[in-house]
Amino acid sequence: DAKTTQPPSMDCAEGRAANLPCNHSTISGNEYVYWYRQIHSQGPQYIIHGLKNNETNEMASLIITEDRKSSTLILPHATLRDTAVYYCIVSLYNQGGKLIFGQGTELSVKP
Amino acid sequence: SQTIHQWPATLVQPVGSPLSLECTVEGTSNPNLYWYRQAAGRGLQLLFYSVGIGQISSEVPQNLSASRPQDRQFILSSKKLLLSDSGFYLCAWSGSWGNQPQHFGDGTRLSIL
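What comes next is a walk through the structure. (Residues numbered from 1 in each chain as written. Chains lettered and ligands numbered in written order. Predicted model: local features only at pLDDT ≥ 70, side-chain atom pairs only at ≥ 80, totals over all residues. Heavy atoms only, no water.)

The next subject is the sheet that holds strand 1 (residues 3-7) of chain B. Residues and elements named next belong to chain B. An order of 1-3-8-7 is seen for the 4 strands of this open sheet, with the pairing classed as antiparallel. Edge positions in the sheet fall to strand 1 and strand 7 (65-70), since each has one partner strand and no second. Ignoring which end each strand starts from, the neighbouring axes of this sheet average 20° apart. Bridging between strand 7 and strand 8 (residues 73-78) involves 4 bridges; their strand directions are antiparallel. The residue of strand 8 that forms the bridge with Ala-66 is Leu-76. (Pairing = 2+ DSSP bridges. Helix = DSSP H or I, 4+ residues; strand = E, 2+ residues; numbered from the N terminus. Axes fitted to C-alpha atoms, helices over the stretch in contact; angles between N-to-C directions.)

Shown next, in the form of structure tokens:
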């Protein structure tokens, strides 16, 4: 499985967009990029995933570079409830869907 | 809609005692099921996953075992707990087709004394 690199922490002002970067330079052609977040003492929450194209849902947008070596998760209007650890994961779905979690980015949304 | 249940939410056990954590999924059939452990301040580590009844894959050697006696039931067990088994245990499920994301339960916080 490809490894991901994320900054350990980031700050964002409430109401502003939060842009969380992720590097996955060794990603293979059939690996998907998944984003999860974990609020303290809770189970991780699925946010979004993609293969090549940019994706958007009610929670966030996922921008994947053309060479697929990096991606950015965008929370368009961050709120205090978005404070959490955000994990970027690459995974082959046909390996039983195994996810390998790194240390993630601790996002602090400040008023 | 699909839901996942884990219990208990917290558990305090003495060293050497047995363990049984249960996870059940509702609203779907033939899910993939997963057990993860998260040590304090660290990322999640996949322990076991299952693609069907009686089919268990172990990711790391350890003091724990898993079983899937029914389609939507996943059990994590130990015969004798060690201090190092302390942690936050999470169960997850995903659809068994295509690139389905995993959905996690609320976890069990296990403390070994």
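Looking now at unusual backbone geometry. Leaving glycine out, the prevailing phi sign among residues is negative, and the prevailing peptide bond configuration is trans. Omega for the bond connecting Trp-7 of chain B with Pro-8 of chain B falls within 30 degrees of zero, at 0°, which places this linkage in the cis form. In this fold, Pro-8 of chain B is placed in the loop between strand 1 and strand 2 (10-13). Residues other than glycine seldom take positive phi values, yet Ser-41 of chain A does so here, at roughly 70°. Inspection of the secondary structure puts Ser-41 of chain A in the loop between strand 3 (32-38) and strand 4 (45-50). The phi torsion at Asn-30 of chain B lies on the positive side, around 50°, for a residue other than glycine. Residue position: Asn-30 of chain B is located in the loop between strand 3 (19-26) and strand 4 (32-38).

So, about the state of the cysteines. Scanning all chains against the criterion turns up 2 disulfides over all chains. Covalently, Cys-22 of chain A is tied to Cys-88 of chain A through a disulfide, its sulfur atoms 2.1 Å apart. In this structure, the disulfide formed by Cys-22 of chain A and Cys-88 of chain A twists by about -80° around the S-S bond and is classed as left-handed. One end of the pair, Cys-22 of chain A, is in strand 2 (residues 18-23); the other, Cys-88 of chain A, is in strand 8 (residues 84-91), with 66 residues separating them in the sequence. Paired by a disulfide, Cys-23 of chain B and Cys-91 of chain B hold their sulfur atoms 2.0 Å apart. Between Cys-23 of chain B and Cys-91 of chain B, the S-S dihedral sits near -75°, and the bridge is therefore left-handed. Of this pair, Cys-23 of chain B sits in strand 3 while Cys-91 of chain B sits in strand 9 (residues 87-94), and the two are 68 residues apart along the sequence. The exposure class of Cys-91 of chain B is buried, given its relative accessible area of 0%. (Disulfide = S-S within 2.5 Å. Buried < 20%, exposed > 50% of the residue type's maximum accessible area, 1.4 Å probe, protein only.)

With that out of the way, let us pick up the nonpolar core. Trp-35, Leu-73, Tyr-86 and Leu-107 of chain A are the most contacted members of the largest nonpolar core, which has 21 residues in total. Of all elements in the fold, only strand 2, strand 3, strand 4, strand 6 (61-64), strand 7 (70-75), strand 8 and strand 9 (105-110) of chain A reach the threshold of two or more residues within this core. It is strand 8 of chain A that contributes the most residues to this core, 4 residues altogether. Leave out the neighbours within four places in its chain, and Tyr-86 of chain A touches Gln-6, Leu-20, Trp-35, Tyr-36, Arg-37, Ile-47, Leu-73, Leu-75, Gly-104, Thr-105 and Leu-107 of chain A. By size, the runner-up hydrophobic cluster in this structure holds 20 residues, among which are Val-25, Trp-35, Leu-47 and Ile-112 of chain B. (Core = buried A, V, L, I, M, F, W, Y, C linked by side-chain atoms within 4.5 Å. Contact = heavy atoms within 4.5 Å.)

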